[in-house]
Amino acid sequence: MVELAFSTNAYTEYTLPEAVRRIADHGYDGVELLGDDPHAYFPAFDHEQERALRGALEETGISVSNINANTAMGYYDDAPPSAFFEPSIITADDQDRAWRIAYTKRAIDLAAAVGSPAVCLATGRPLPGNPPERAREHLRDSLHEILDYAEPREVEVGIEFEPELLVECTTDVLELIDEIGRDSLGVNLDIGHAAVYGEDLAEAIYRSAGHITGVHLEDIEGGRRGKHYHRIPGEGDLDFRTVFDSLDDIGYEGFATLELYTYSNDPDHAATRAYEVLAQY
């Protein structure tokens, strides 16, 4: 049976321990931890902050569904407000790419420390001067190094595809998983991203069976090929009955995490309303 979780990336106006407590108060079984500023930006995330986080987790009894290491906006003083993936694991600059690999390893350390089954990771975009063929070489090398680190710590790595990234759809991520050939690599399946790309959601879920490390949920206005703006379930056009039925059909028993960072002005409302809508499934 699928369990509901909520990401702290909607609670960026609160400390990470307070975000955990608020999410637990809304009845969720799990919490996804934002591995970025202002929560767990790893170059600045110290032992005292980790102790405070673990205290909140123990106090509430809530499980950690995932460590979200897709972005590293804390790296820059002037990062844009939208999702920013640089430096990524495909970045052309060797030093920047090594920084991102080390950053991901810190996310894996946190996952192991708090009992998270997985870390999710986006590939980033092949930018000018870094053609897709070379970017794929960097991706393969980076992933093998990351998986060498994750496997002894019993943490899975889920690639989260997104339109316009190097890995942007279900076909891309499944081909990558097959190419890498390691059981610890899977897909963090973001239902909204599949919809925006134009995929049939049930088909994306069925094709990903056996490889899903986690699921991200949000509604999308316009349904398939709709606008990429994360909305509260019920405020867009996605068919969540089909989503949950398909997850049941493939025997998925992990977490489905609401990712509603677009509601940082009122995350409690978003968490409450999303739970009301999805608990029926």
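Residues numbered from 1 in each chain as written. Predicted model: local features only at pLDDT ≥ 70, side-chain atom pairs only at ≥ 80, totals over all residues. Heavy atoms only, no water.

Relative orientation of the contacting elements helix H4 (residues 132-150) and helix H5 (residues 170-180) amounts to 65 degrees, with a least axis distance of 11 Å. Taken as a pair, H4 and H5 cross one another with a handedness that is right-handed. Across the interface between the two elements, Leu-139, Arg-140, Leu-143, His-144 and Leu-147 from H4 touch Leu-176, Glu-179 and Ile-180 from H5. Here the contact of H4 with H5 is composed, by residue class, of five nonpolar, one polar and two charged. (Axes fitted to C-alpha atoms, helices over the stretch in contact; angles between N-to-C directions. Helix = DSSP H or I, 4+ residues; strand = E, 2+ residues; numbered from the N terminus. Left-handed = near helix turned anticlockwise from the far one by under 90°. Contact = heavy atoms within 4.5 Å. Nonpolar A, V, L, I, M, F, W, Y, C, P; charged D, E, K, R; others polar.)

Moving on, we get to the pairing of strand S1 (residues 3-7). Of all the five residues making up S1, four are buried; the element is thus mostly covered by neighbouring parts of the structure. As paired elements, S1 and strand S8 (residues 255-258) share four bridges and run parallel to each other. The residue of S8 that forms the bridge with Phe-6 is Leu-258. One ladder, built from three bridges, connects S1 with strand S2 (residues 30-34); its direction is parallel. Note on S2: the bridge partner recorded for Ala-5 is Gly-30. Crossover S1 to S2 through helix H1 (residues 16-25) is right-handed. (Buried < 20%, exposed > 50% of the residue type's maximum accessible area, 1.4 Å probe, protein only. Pairing = 2+ DSSP bridges. Right-handed = clockwise from strand over helix to strand, strands pointing away.)

Ranked by size, the top nonpolar core spans 83 residues in total, and within it Phe-6, Leu-33, Ile-67 and Leu-217 carry the most contacts. Broken down by element, this core gets its largest block of residues, seven residues, from helix H3 (residues 94-114). What Phe-6 contacts, discounting residues up to four positions off in sequence, is Tyr-11, Ile-23, Tyr-28, Gly-30, Val-31, Glu-32, Thr-257, Leu-258, Leu-260, Pro-267, Ala-270 and Ala-271. (Core = buried A, V, L, I, M, F, W, Y, C linked by side-chain atoms within 4.5 Å.)

Counting across every chain of the model gives 10 aromatic pairs. Measuring from centroid to centroid gives 6.4 Å for Phe-42 and Phe-45, while their planes differ by 85 degrees, and the two rings are edge-to-face. Judged by its relative accessible area of 2%, Phe-42 is buried. On the basis of relative accessible area, Phe-45 is assigned to the buried category, the value being 9%. (Phe/Tyr/Trp six-rings, centres within 6.5 Å; stacked < 30°, edge-to-face > 60°.)

Turning our attention to the pattern of salt bridges. The full count for this structure, using the stated rule, is 14 salt bridges. For Lys-105, the salt bridge goes to Glu-145, with nearest N and O atoms at 3.0 Å. Here Lys-105 is found in helix H3, whereas its partner Glu-145 is found in helix H4, with 40 residues between them in sequence. Glu-151 is the salt-bridge partner of Arg-182, the closest N and O atoms lying 2.9 Å from each other. Here Arg-182 is found in the loop between H5 and strand S6 (185-190), whereas its partner Glu-151 is found in the loop between H4 and strand S5 (156-159), with 31 residues between them in sequence. Relative accessible area serves as the criterion here: at 34%, Glu-151 is assigned to the partly exposed category. Each of the salt bridges in this network shares a partner with another, and the network as a whole consists of Glu-18, Arg-22 and Asp-268. (Salt bridge = Lys/Arg side-chain N within 4 Å of Asp/Glu carboxyl O.)

Looking at where His-138 falls in the secondary structure, it is placed in helix H4. Ignoring anything within four residues of it in the chain, the contact list for His-138 reads Ile-89, Ile-90, Thr-91, Ala-92, Arg-97 and Asn-130.

This part is about the packing of helix H2 (residues 47-60) against H3. Close contact between H2 and H3 brings their axes to 11 Å; oriented N to C, the two are set at 40 degrees. With respect to H3, the axis of H2 lies oblique. For the element pair H2 and H3, the recorded crossing hand is right-handed. Contact with H2, carried on its side by Glu-50, Leu-53, Arg-54 and Leu-57, involves Leu-110, Ala-113 and Val-114 of H3 and no other residues of that element. A class-by-class count of the residues in the contact of H2 with H3 yields five nonpolar, no polar and two charged. (Parallel < 35°, antiparallel > 145°, perpendicular 65-115°, else oblique.)

By secondary structure assignment, the location of His-211 is in the loop between helix H7 (201-207) and strand S7 (212-217). When its relative accessible area of 33% is taken as the criterion, His-211 is described as partly exposed. Sequence separation between His-211 and Ile-67 is 144 residues, and the spatial gap between their C-alpha atoms is 17 Å. Excluding residues within four positions of it along the chain, His-211 makes contact with Leu-174, Ile-177, Gly-186 and Val-187.

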